[in-house]
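Spelled out from the first residue to the last, the chains are:
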Amino acid sequence: MARAILCASAAEAVAGIPDGSVIMVGGFAARDAPSLLVGALVDQGARDLTLICNGPTGRPGMKDTSMLVHNRQVRKVVCSFPVPSTTSGPMTDFEAQYRAGEIQLELAPQGTLAERIRAGGAGIGGFYTPTGVGTPFGEGKEQRTIDGVDYVLEYPLVADYALIRAQTADSMGNLLYRMSSRNFNPIMAMAAKTTIVEVAEVVAAGSLNPEHIVTPGLFVHRIVVRPE
Amino acid sequence: MARAILCASAAEAVAGIPDGSVIMVGGFAARDAPSLLVGALVDQGARDLTLICNGPTGRPGMKDTSMLVHNRQVRKVVCSFPVPSTTSGPMTDFEAQYRAGEIQLELAPQGTLAERIRAGGAGIGGFYTPTGVGTPFGEGKEQRTIDGVDYVLEYPLVADYALIRAQTADSMGNLLYRMSSRNFNPIMAMAAKTTIVEVAEVVAAGSLNPEHIVTPGLFVHRIVVRPE
Amino acid sequence: MPKDRLPREVIAMRIAAELKDGDYVNLGIGLPNMVSNYIPPGKQVMFHAENGVVGVGPSPEEGREIPDLFNAGGQPVTLMPGGAIVDHAMSFAIVRGRHLDAAVLGGLQVAENGDLANWIRPDRGVGSIGGAADIARGAKRIFVAMEHTTRDGEFKIVKRCSYPLTATRVVDTIFTDVAVIRVTPQGLVLEEAAPGWTPEEVQALTEPTLTVSPTFKEIQL
Amino acid sequence: MPKDRLPREVIAMRIAAELKDGDYVNLGIGLPNMVSNYIPPGKQVMFHAENGVVGVGPSPEEGREIPDLFNAGGQPVTLMPGGAIVDHAMSFAIVRGRHLDAAVLGGLQVAENGDLANWIRPDRGVGSIGGAADIARGAKRIFVAMEHTTRDGEFKIVKRCSYPLTATRVVDTIFTDVAVIRVTPQGLVLEEAAPGWTPEEVQALTEPTLTVSPTFKEIQL
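Keep in mind that this is a model prediction, so the values were computed, not measured. (Residues numbered from 1 in each chain as written. Chains lettered and ligands numbered in written order. Predicted model: local features only at pLDDT ≥ 70, side-chain atom pairs only at ≥ 80, totals over all residues. Heavy atoms only, no water.)

**Student:** I'd like a rundown of the overall build of chain C, residues and numbers included.
**Tutor:** For chain C, the count of helices and strands is five helices and 13 strands. In terms of C-alpha radius of gyration, chain C reaches 17 Å, essentially the compact-globule figure of 17 Å for 221 residues. Seen along its three principal axes, the alpha-carbon backbone of chain C occupies a region of about 50 × 40 × 30 Å. Among the 221 residues that make up chain C, the fraction classed as buried is 62%. In chain C, 63% of the contacts between residues at least 6 apart in sequence involve partners at least 24 apart. Accessible surface for chain C amounts to roughly 8900 Å². Of this, 50% is attributable to carbon and sulfur atoms. (Helix = DSSP H or I, 4+ residues; strand = E, 2+ residues; numbered from the N terminus. Rg over C-alpha atoms; globule rule 2.2 N^0.38 Å. Buried < 20%, exposed > 50% of the residue type's maximum accessible area, 1.4 Å probe, protein only. Contact = heavy atoms within 4.5 Å. Areas by Shrake-Rupley, 256 points an atom, 1.4 Å probe, with all protein chains shown as cover.)

**Student:** Now, about the nonpolar core: what can you tell me, with residues and values included?
**Tutor:** In this structure, A:I117 and B:I117 are the most contacted members of the largest nonpolar core, which totals 211 residues. Beyond its immediate stretch of four places on either side in the chain, A:I117 contacts A:M24, A:I52, A:L157, A:F184, A:I187, A:M188 and A:A191. Of all hydrophobic cores here, the second largest spans 30 residues; its members include A:I17, A:L41, A:M67 and A:V224. (Core = buried A, V, L, I, M, F, W, Y, C linked by side-chain atoms within 4.5 Å.)

**Student:** Can you tell me about helix α3 (residues 88–96) of chain D, naming the residues and giving the values?
**Tutor:** Residue and element names in this part refer to chain D. Counting buried positions over the nine residues of α3 gives nine, a clear majority of the element. Within α3, the full set of buried residues consists of H88, A89, M90, S91, F92, A93, I94, V95 and R96. For α3, the capping residue at the N-terminal end is D87, with a side-chain oxygen 3.1 Å from the backbone nitrogen of A89. Of the residues flanking the end of α3, it is R98, one or two places downstream, whose phi is positive at about 65°. (Polar contact = N/O pair within 3.5 Å; in protein donor to acceptor, adjacent residues only side chain to side chain.)

**Student:** Explain the interface of chain D and chain A residue by residue, including any values.
**Tutor:** The partner chain A presents 22 residues to the 21 residues of chain D that form the contact. Taking both partners together, chain D and chain A bury about 1700 Å²; carbon and sulfur atoms supply 60% of that area. Broken down residue by residue, the surface that chain D buries against chain A is led by D:Y24, D:R96 and D:H99, which jointly contribute 30%. At the surface where chain D touches chain A, the tally comes to one salt bridge. Of the charged contacts, one joins A:R3 and D:D101 as a salt bridge, the two residues approaching to 2.6 Å between their closest N and O atoms. With six residues, strand β4 (residues 78–85) of chain D is the largest single contributor of residues to the side of chain D that touches chain A. Of the residues contributing to the side of chain D that touches chain A, the split by class is twelve nonpolar, six polar and three charged. (Buried area = accessible area lost by both parts, 1.4 Å probe. Salt bridge = Lys/Arg side-chain N within 4 Å of Asp/Glu carboxyl O. Nonpolar A, V, L, I, M, F, W, Y, C, P; charged D, E, K, R; others polar.)

**Student:** I'd like a rundown of the sheet that holds strand β3 (residues 53–57) of chain C, residues and numbers included.
**Tutor:** Residue and element names in this part refer to chain C. Strand order in the open sheet formed by ten strands is β4-β3-β2-β1-β5-β8-β10-β11-β12-β13, and the pairing between neighbours is mixed. With one partner strand each, in any of the chains shown, β4 (78–85) and β13 (210–218) form the two edges of the open sheet. Going from strand to strand, the sheet's axes swing by 25° on average, the running direction of each strand aside. In this structure, β3 lies alongside β4, joined through four bridges in antiparallel fashion. Looking at the pairing, V56 lines up with L79 of β4. (Pairing = 2+ DSSP bridges. Axes fitted to C-alpha atoms, helices over the stretch in contact; angles between N-to-C directions.)

**Student:** Describe the side chain of A:E198, listing the residues and the values that go with them.
**Tutor:** Residues and elements named next belong to chain A. Mapping E198 onto the fold places it in strand β12 (residues 192–199). A polar contact of 3.4 Å, which involves the side chain of E198, links it to the side chain of R226. In this view, E198 contacts P34, S35, L36, L37, I164, R165, A166, V224 and R226; residues no more than four positions away in its chain are not counted.

**Student:** Account for the pattern of salt bridges, naming residues and giving values.
**Tutor:** Side-chain pairs of opposite charge can arise where the charged atoms are in close proximity. The final tally for this structure, using the stated rule, is 52 salt bridges over all chains. We note a salt bridge from A:E115 to B:R118, for which the minimum N-O separation is 2.8 Å. With A:E115 in helix α5 (residues 110–122) and B:R118 in helix α5 (residues 110–122), this pair bridges two chains. Using a relative accessible area of 4% as the deciding quantity, one classes A:E115 as buried. Between C:R5 and C:D177 there is a salt bridge, with its nearest N and O atoms 3.4 Å apart. With C:R5 in the segment before α1 (8–18) and C:D177 in the loop between β10 (171–175) and β11 (179–184), this pair connects stretches of sequence that are 172 residues apart. Accessibility expressed as a relative area gives 34% for C:R5, which makes it partly exposed. Note on C:D177: relative accessible area 6%, which makes it buried. One salt-bridge network, in which partners are shared between bridges, spans C:R14, C:E18, C:R141, C:D172, C:R182, C:E191 and C:E192.

**Student:** Explain the side chain of D:N118 to me, and be specific about the residues and the numbers.
**Tutor:** Residue and element names in this part refer to chain D. With respect to the helices, strands and loops of the structure, N118 is situated in the loop between β7 (116–117) and α4 (132–138). Assessed through its relative accessible area of 18%, N118 is described here as buried. At 2.9 Å, the side chain of N118 forms a polar contact with the backbone oxygen of G106. A polar atom in the side chain of N118 sits 2.7 Å from the side chain of T166.

**Student:** I'd like to hear about the packing of aromatic side chains, residue by residue, with values.
**Tutor:** Centre-to-centre distance and the angle between the planes together describe a pair of aromatic rings. Throughout the structure, instances matching the rule amount to seven aromatic pairs over all chains. Ring geometry for B:F94 and B:Y98: centres 5.7 Å apart, planes at 20°, overall stacked. Of this pair, B:F94 and B:Y98 both sit in helix α4 (residues 93–99), separated by four residues, roughly a single helical turn. With 5.6 Å between their ring centres and 90° between their planes, C:F143 and C:F175 make a pair best called edge-to-face. Separated by 32 residues along the polypeptide, C:F143 in strand β8 (residues 141–145) and C:F175 in strand β10 bring together distant segments of the chain. (Phe/Tyr/Trp six-rings, centres within 6.5 Å; stacked < 30°, edge-to-face > 60°.)

**Student:** Give me the lowdown on the interface of chain A and chain C, citing residues and values where you can.
**Tutor:** On the chain C side, the residues contacting the 43 residues of chain A number 37 residues. Both sides of the chain A and chain C interface together cover about 3200 Å² of buried area, and 60% of this is carbon and sulfur. A per-residue breakdown of the area chain A buries against chain C is headed by A:R31, A:M179 and A:S180, which together make up 18% of the total. Put simply, chain A and chain C have four salt bridges between them. Linking A:E115 and C:R96 is a salt bridge whose minimum nitrogen-to-oxygen distance equals 3.9 Å. Mapped onto the side of chain A that touches chain C, the elements with two or more residues apiece are α4 (93–99), β5 (104–107), α5 and α6 (185–191) of chain A. With six residues, the single largest contributor to the side of chain A that touches chain C is α5(A). For the side of chain A that touches chain C, a count of residues per class yields 19 nonpolar, 15 polar and nine charged.

**Student:** An account of the pairing of strand β8 (residues 149–154) of chain B is requested, with residue identities and associated values reported.
**Tutor:** Along a regular strand, successive side chains alternate from one face of the sheet to the other. All names here are of chain B. Here strand β6 (residues 126–129) runs beside β8; their pairing, made up of three bridges, is antiparallel. Looking at β8, one finds that T129 is bridged to V152. As paired strands, strand β7 (residues 143–146) and β8 are joined by four bridges and run antiparallel to one another. Along β8, the bridge assignment pairs I146 with V149.

**Student:** Account for the environment of B:G20, naming residues and giving values.
**Tutor:** All names here are of chain B. Residue placement: G20 occurs in the loop between α1 (10–13) and β2 (22–25). Residues G20 and E142 lie 122 residues apart in sequence; the distance between their C-alpha atoms is 28 Å. Once you skip the residues sitting within four places of it in the chain, G20 turns out to touch R47, D48 and L49.

**Student:** Give a description of the environment of D:I85 that names residues and reports values.
**Tutor:** With respect to the helices and strands, the residue D:I85 is situated in strand β4. Of the residues examined, D:I85 reaches a relative accessible area of 1% and is grouped as buried. Excluding residues that lie within four positions of it along the chain, D:I85 makes contacts with A:P210, A:E211, A:I213, B:M179, B:S180, B:R182, D:G52, D:V53 and D:L69.

**Student:** Quick rundown of the sheet that holds strand β10 (residues 168–170) of chain B? Include the residues and the values.
**Tutor:** Spatial ordering of the open sheet is given by β11-β10-β13 (chain B), a layout of three strands whose pairing is mixed. The strands lining the two open edges of the sheet, one partner per strand, are β11 (175–176) and β13 (201–203) of chain B.

**Student:** Would you mind going over unusual backbone geometry in detail, with residue names and values included?
**Tutor:** Residue and element names in this part refer to chain A. Located in the positive-phi region is D48, a residue other than glycine, with phi close to 60°. Located in the positive-phi region is R72, a residue other than glycine, with phi close to 55°. Here R72 lies in the loop between α3 (66–70) and β4 (74–79).

**Student:** Summarise the packing of α5(B) against α3(D); cite the residues concerned and give the values.
**Tutor:** How two helices sit against one another is set out by the angle between their axes and by the gap between those axes. Two numbers describe how α5(B) lies on α3(D): the axes approach to 9 Å, and their chain directions differ by 125°. As judged from the angle between their axes, α5(B) and α3(D) are oblique. Helix-helix and strand crossings are classified by hand; for α5(B) and α3(D) the assignment is left-handed. Note on element contacts: α3(D) touches α5(B) through D:H88, D:A89, D:F92 and D:R96, opposite B:Q110, B:G111, B:T112, B:A114, B:E115 and B:R118. Of the residues assigned to the contact of α5(B) with α3(D), the class counts are three nonpolar, four polar and three charged. (Parallel < 35°, antiparallel > 145°, perpendicular 65-115°, else oblique. Left-handed = near helix turned anticlockwise from the far one by under 90°.)

Given below as structure tokens:
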């Protein structure tokens with residue numbers, strides 16, 4: 001039996017996620033979000049979530065993490081891109097809730113966010129990064145000069161669940177990603193107690209070239225196939 | 001012009017490495033060492049080197065980093081595996097020189113060694129690892145408890161040159177590795193000012209699947225083809 | 001009568017001329033991203049997009065998009081021959097580890113010591129840092145592409161940034177619609193100005209004192 | 001007359017029985033590595049080798065070796081269907097990040113508090129730690145496979161290790177040629193003994209006091 005279990009539906013894949021969970025959601029922009037799983041989590045209804053993602057910037061109707069914010073399931077967001085670059089267009093749900101004091105934000109530089117997630121998956125207790133020194137992103141953080149360079153101390157991020165998206169899984173949970181939809185998915189797969197992946201297809205174990213596998217199956221717990 | 005330059009010979013590939021350089025050498029066991037480049041560095045003769053590798057454990061005649069030790073080019077070794085597991089067989093050059101006080105050793109747990117190299121390549125100033133706490137590998141190191149777990153602080157490793165081995169390069173320096181000969185090579189490629197790779201073949205840019213590339217060409221400076 | 005300022009395309013062309021054959025470069029969204037359109041033939045520059053693309057190519061023709069291939073602005077792109085896909089941890093290891101030769105970024109304010117503020121207008125209250133803080137800190141040379149002053153005529157090149165910072169002491173050169181200004185340990189050096197602009201006219205739009213380079217000249221492409 | 005001790009194969013078989021269907025497990029070199037030969041049919045255990053192989057398969061037939069595919073002992077191996085290759089940073093991210101269900105390691109000394117010493121005999125002067133310190137600290141359960149005493153009859157299960165440590169307070173269960181002993185917060189618990197061995201006889205070879213489990217029994221396979 002593989003560690004990874006093939007689920008019959010997205011509802012089954014997100015079953016049991018309790019209120020108050022810390023959830024990582026892969027994807028960089030709205031277009032490559034794991035929209036099947038996020039949609040299922042909206043239906044499932046878990047509340048009071050801490051959401052770790054690149055940013056819930058989708059406009060209403062977009063199938064990314066903004067759906068969870070819109071449905072008021074999120075207590076706190078840890079991300080690098082909380083709001084769209086431009087203020088044209090309607091205000092996002094996140095921004096409206098943030099301005100109303102209804103949702104918390106921990107804003108992290110994107111590289112620091114990625115490295116914190118990797119550190120969580122790799123068992124690293126903390127690391128020193130030069131990013132953010134002397135800026136609001138270094139404020140209140142421990143600072144240290146190492147070999148003449150200034151760094152701030154950052155701590156790992158871990159999650160109860162990661163919802164990610166890949167192109168192909170084999171039955172052992174090994175994953176391949178298509179082009180730039182790889183982004184945060186592989187590191188989030190490492191950093192969650194339970195990693196749930198939506199894929200375009202599942203193939204038999206042994207049919208992927210082992211040198212091409214990006215996420216080894218030992219990081220993957222539940223798989224669901226995206227109906228296309 | 002690509003950053004990576006195709007060299008006509010291994011001698012050309014290692015030309016200019018000065019005495020006193022810090023050199024990373026990829027490979028896990030003697031069999032997958034970049035033996036062409038190491039042999040060329042023996043011929044080139046740079047001395048007083050600091051060698052960062054998994055271990056110079058080759059017996060006399062083996063074409064791994066032990067050749068550099070045998071030729072007395074190495075002042076210090078940073079590694080996880082300085083001596084063979086068993087004491088049967090003739091003593092290695094490293095062990096003989098170490099016992100005679102002629103070479104220095106910085107012994108690092110293999111995972112810490114790998115993470116220090118990655119940190120060097122990734123611009124991380126230091127990191128906290130649970131490995132080594134309460135053992136000789138934690139002695140004299142800063143210790144810290146984070147979220148109830150004890151860690152020691154480890155610092156990055158960087159090198160002037162990395163000598164690595166891959167299976168295939170394209171003309172932009174993108175690299176593929178064969179099976180378990182991947183090991184330390186990709187992270188060493190990131191951590192050196194000049195990365196020199198020996199490969200079995202060079203193909204045209206664009207002929208590798210960009211999703212399969214393990215080491216992006218921006219880490220690679222010199223390429224030489226291994227005559228087979 | 002106000003003198004003509006350079007169009008954005010010309011700023012992008014001027015920066016493209018600054019990039020070297022073989023460079024790996026990150027481009028910010030907006031004006032910086034236009035630089036990729038003006039790399040002269042014979043010069044190979046590989047563009048890094050922080051969402052994990054090394055070797056970003058031109059936009060695809062409509063209907064010929066490559067599935068799941070976007071740049072950091074979320075737009076469909078192609079991949080150059082010899083391009084590679086990496087994950088986010090590796091993408092920012094490239095950035096933080098100083099493996100990029102240069103980055104071209106937008107700017108809201110640049111201080112004379114090289115401080116850069118480019119992620120939030122204080123009056124907005126909430127902003128997106130994205131990868132800017134890592135890139136501004138990590139790339140070997142930081143080129144800022146921006147208008148020389150705000151629409152209201154306020155200084156953007158300032159003695160000290162009043163906006164929240166992206167990174168400290170990182171800017172190498174500022175390329176604006178009226179000038180090219182290098183940040184040096186001795187302060188700002190005016191290297192080039194738009195056709196017809198005198199150093200005094202550029203200084204009038206710039207808060208810190210400019211030193212005029214001995215090789216001061218008209219911007220050339 | 002001394003009683004029979006278990007052959008190494010039987011220790012390996014006993015440990016194989018301890019592994020669970022679906023487990024990912026690292027095996028040390030020597031006796032631990034023999035465990036892979038005794039996984040019962042119908043139970044899928046994937047073996048991790050720290051040189052970057054997830055899903056190590058059996059040794060290839062001579063002449064049918066897969067180029068550049070070795071285990072952490074440097075021996076040619078095959079790959080299980082669904083296996084994957086990773087680099088060293090990822091291999092130890094798997095280890096340190098606690099993604100392995102178990103590791104089977106050799107031991108020179110194990111202390112009653114779970115301390116493990118397995119990398120150097122003090123008289124050797126120089127030793128190789130390899131991946132042992134990371135693996136002993138990182139895998140969720142640490143199984144030690146070793147002879148119960150040294151060839152000279154000295155204790156290997158001790159009150160406090162005198163050899164340099166590999167990791168502190170990590171050992172879950174000790175599998176020897178005479179017994180199976182669990183490390184618990186209350187001390188060592190004798191769970192099983194080799195056929196014909198009484199708890200008193202095992203205790204005589206063990207420095208710390210053993211508590212005999214209420215379910216104490218003969219080792220069964």
